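Structural overview for review
Listed below are the residues making up each chain.
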Amino acid sequence: EVCSALPDAGSLHVYAAKLARRHPRAAAWCVGWLNACGPLALPALAAFGAAMFIGAFAALEWGSSISRGKLFLIFAAVLLGHALLVVLGGRASIAALAKFSAGWQLLAAAALVAVLVIKPGRLQSPDFVFTHVVNQTGFGADWSGNARLYVCATSLLVVAFSLAGFDASARVSEETLDAGRSAPRGIVTSVAASWLVGFAVLTALTF
């Protein structure tokens, strides 16, 4: 609703200022700086995940042990590769890579779901998939009190980062045709697509 009424560049901190009943500048300042943490943290998170995957692949294929030092070097190399791509690649190559990435993620998710549906000789029961909870946090060993709520809330962090950037449609709304309709439609579509694809993949993996 806010995006359709105020399709301005800047999005979140602009909206915070418009919605704040008191101290709109302070609200915009806080939201702007907190939102800046995402573009810093998420690439690092993705690069570290890639480094862990590369390390695990090396251990499986060649039996090499990955120490913390080696893992950090792989992490640094992935980050350096990202930086070189942005600096040397140019706008056209980055746009092409973004399109390839979106298509690859959907194709890989579809292939993963298909393999997990067709290949396994045994599947878990629906009761296990949708009601079984595993507590590996170290808290609430007797599964009493608020431990269940804590574990369920913590598990949401696994998928929360996939919704980051849903406001990208609002950020570029100044350059969008019919922004009052297109920008909010992009927000809703991105959240819905993340939910559907993520639900399909996680359900297939759990089964």
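Quantities reported herein were computed from a predicted structural model and do not represent experimental measurements.

Attention shifts here to the overall build of the protein chain. The helix and strand tally for the protein chain stands at 8 helices and 0 strands. Reading the helices (α) and strands (β) of the protein chain from amino to carboxyl end gives α-α-α-α-α-α-α-α. Every one of the 207 residues in the protein chain was classed for burial, and the buried ones make up 14%. If you take every contact in the protein chain between residues at least 6 apart in sequence, the share linking residues at least 24 apart comes to 57%.

To continue, consider the side chain of T203. Residue position: T203 is located in helix 8 (residues 179-206). In this structure the side chain of T203 is engaged in a polar contact, spanning 2.6 Å, whose partner is the backbone oxygen of F199. With sequence-adjacent residues up to four places away left out, T203 is seen in contact with V129 and F130.

A word on the packing of aromatic side chains. Across all of its chains, the model carries 7 aromatic pairs by this definition. Summarising the aromatic geometry, the rings of F57 and W62 are spaced 5.8 Å apart at their centres and angled 85° between planes, so their arrangement reads as edge-to-face. Pairing F72 with F75 gives two aromatic rings, centres 6.1 Å apart and planes at 55°, and the pair type is tilted. Within this pair, F72 and its partner F75 are both found in helix 4 (residues 68-118), separated by 3 residues, close to a single helical turn. F72 gets classed as exposed once you look at its relative accessible area, which sits at 54%. By relative accessible area, F75 is classed as buried at 15%. Grouping aromatic residues by their ring pairs yields a cluster made of F48, F72 and F75.

All right, on to the packing of helix 2 (residues 12-19) against helix 3 (residues 24-62) then. Packing of helix 2 against helix 3 brings their axes to within 8 Å, and their N-to-C directions diverge by 155°. When the axes of helix 2 and helix 3 are compared, the pair comes out roughly antiparallel. At the point where helix 2 passes helix 3, the crossing takes the right-handed sense. Residues L12, H13, A16 and A17 of helix 2 form the contact with helix 3, whose participating residues are P24, A27, A28, V31, G32 and N35. For the contact of helix 2 with helix 3, the class distribution of residues is 7 nonpolar, 3 polar and no charged.

Let us look at helix 4. The end-to-end C-alpha separation of helix 4 is 38 Å, well short of the 75 Å expected for 51 residues at 1.5 Å each. At G90, helix 4 shows its maximal kink, close to 125°. Listed in full, the buried residues belonging to helix 4 are L71, I74, F75, V78 and A109. Where helix 4 is buried, its residues touch helix 3 and helix 8.

Bringing the environment of C37 into the picture now. One can find C37 in helix 3. We classify C37 as partly exposed; its relative accessible area is 43%. When the C-alpha atoms of C37 and F199 are compared, they prove to be 27 Å apart, with 162 residues separating the residues in sequence.

Basis of the calculations
- Residues numbered from 1 in each chain as written.
- Predicted model: local features only at pLDDT ≥ 70, side-chain atom pairs only at ≥ 80, totals over all residues.
- Heavy atoms only, no water.
- Helix = DSSP H or I, 4+ residues; strand = E, 2+ residues; numbered from the N terminus.
- Buried < 20%, exposed > 50% of the residue type's maximum accessible area, 1.4 Å probe, protein only.
- Contact = heavy atoms within 4.5 Å.
- Polar contact = N/O pair within 3.5 Å; in protein donor to acceptor, adjacent residues only side chain to side chain.
- Phe/Tyr/Trp six-rings, centres within 6.5 Å; stacked < 30°, edge-to-face > 60°.
- Axes fitted to C-alpha atoms, helices over the stretch in contact; angles between N-to-C directions.
- Parallel < 35°, antiparallel > 145°, perpendicular 65-115°, else oblique.
- Left-handed = near helix turned anticlockwise from the far one by under 90°.
- Nonpolar A, V, L, I, M, F, W, Y, C, P; charged D, E, K, R; others polar.
- Expected span 1.5 Å × (residues − 1).
- Bend = angle between axes of the 7 residues up to and from the residue.

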